[in-house]
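The primary structure of each chain is shown beneath.
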Amino acid sequence: MTDTPGRKAVNAHTTPFLPYDLEGPVQPEMSWLPISYDAETGQGTYLMRMDPGAVTIAHEHAGMEEFLILEGDLVDSDGTRFCPGDFVSYDAGTHHNSWTETGCLIAVFEWDRPG
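If you're wondering where the values come from, they're calculated on a predicted model, not measured in any experiment. (Residues numbered from 1 in each chain as written. Predicted model: local features only at pLDDT ≥ 70, side-chain atom pairs only at ≥ 80, totals over all residues. Heavy atoms only, no water.)

Visitor: Is there a simple way to think about the sheet that holds strand S8 (residues 87–90) in this case?
Guide: Paired through their backbone hydrogen bonds, the strands of a sheet run either parallel or antiparallel. The strand order S1-S2-S3-S11-S5-S8 describes an open sheet built from six strands, whose pairing is antiparallel. Bordering the open sheet on either side are strand S1 (18–20) and S8, each of which pairs with just one other strand. On average, each strand axis in the sheet is inclined to that of its neighbour by 30°, with strand direction left out of account. Taken together, the four bridges between strand S5 (residues 64–72) and S8 define a ladder with antiparallel strand orientation. From the neighbouring strand, Leu68 faces S8, where its bridge partner is Phe87. (Pairing = 2+ DSSP bridges. Helix = DSSP H or I, 4+ residues; strand = E, 2+ residues; numbered from the N terminus. Axes fitted to C-alpha atoms, helices over the stretch in contact; angles between N-to-C directions.)

Visitor: Hey, could you run me through the environment of Leu47 in this one?
Guide: Within the secondary structure layout, Leu47 lies in strand S3 (residues 44–50). Note: C-alpha distance between Leu47 and Thr94 (47 residues apart in sequence) is 20 Å. Apart from residues no more than four positions distant in its own chain, Leu47 is found in contact with Ala12, Phe17, Ser31, Trp32, Leu33, Ile35, Leu70, Leu105, Ile106 and Ala107. (Contact = heavy atoms within 4.5 Å.)

Visitor: Explain the pattern of salt bridges here, please?
Guide: Where side chains of opposite charge bring their charged atoms close, a pairing between them can arise. Going through the model one piece at a time under the given rule, you end up with three salt bridges. A salt bridge links Asp73 to Arg81, with the nearest nitrogen and oxygen atoms 2.6 Å apart. Residue class for Asp73 comes out buried when judged on its relative accessible area of 5%. Linking Arg81 and Glu101 is a salt bridge whose minimum nitrogen-to-oxygen distance equals 3.2 Å. Here the residue Arg81 occupies a position in strand S7 (residues 81–82), and Glu101 occupies one in the loop between strand S10 (98–99) and strand S11 (104–111), the gap between them amounting to 20 residues. Here Arg81 falls in the partly exposed class, since its relative accessible area comes to 40%. Residue classification places Glu101 among the partly exposed residues on the basis of a relative accessible area of 48%. The structure contains a network of salt bridges with shared partners spanning Asp73, Arg81 and Glu101. (Salt bridge = Lys/Arg side-chain N within 4 Å of Asp/Glu carboxyl O. Buried < 20%, exposed > 50% of the residue type's maximum accessible area, 1.4 Å probe, protein only.)

What follows is the structure, encoded as structure tokens:
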């Protein structure tokens, strides 16, 4: 794929992912692909891949976090299982962690509500 001014295109199946370290230490069972994510503001979009059995570090969201399950399953700390097509929205201040049994690919959107 080629980018044009103002547009960035990535393919989740052919673009190399990076080691995942957004909650602190690198978690080798997880990887991510920043698309519009800005580390300084903590806002933007990225793809996240979790290997089977991966568990996120418990964390609190400074802003909104939303994600769409593209492949696999994701289980939240309250036991709710999310599957492909599920879109999940967390308010700022939400504290949780998640894990996957089969592995998953999710599109994550981090942002702040205006005013």
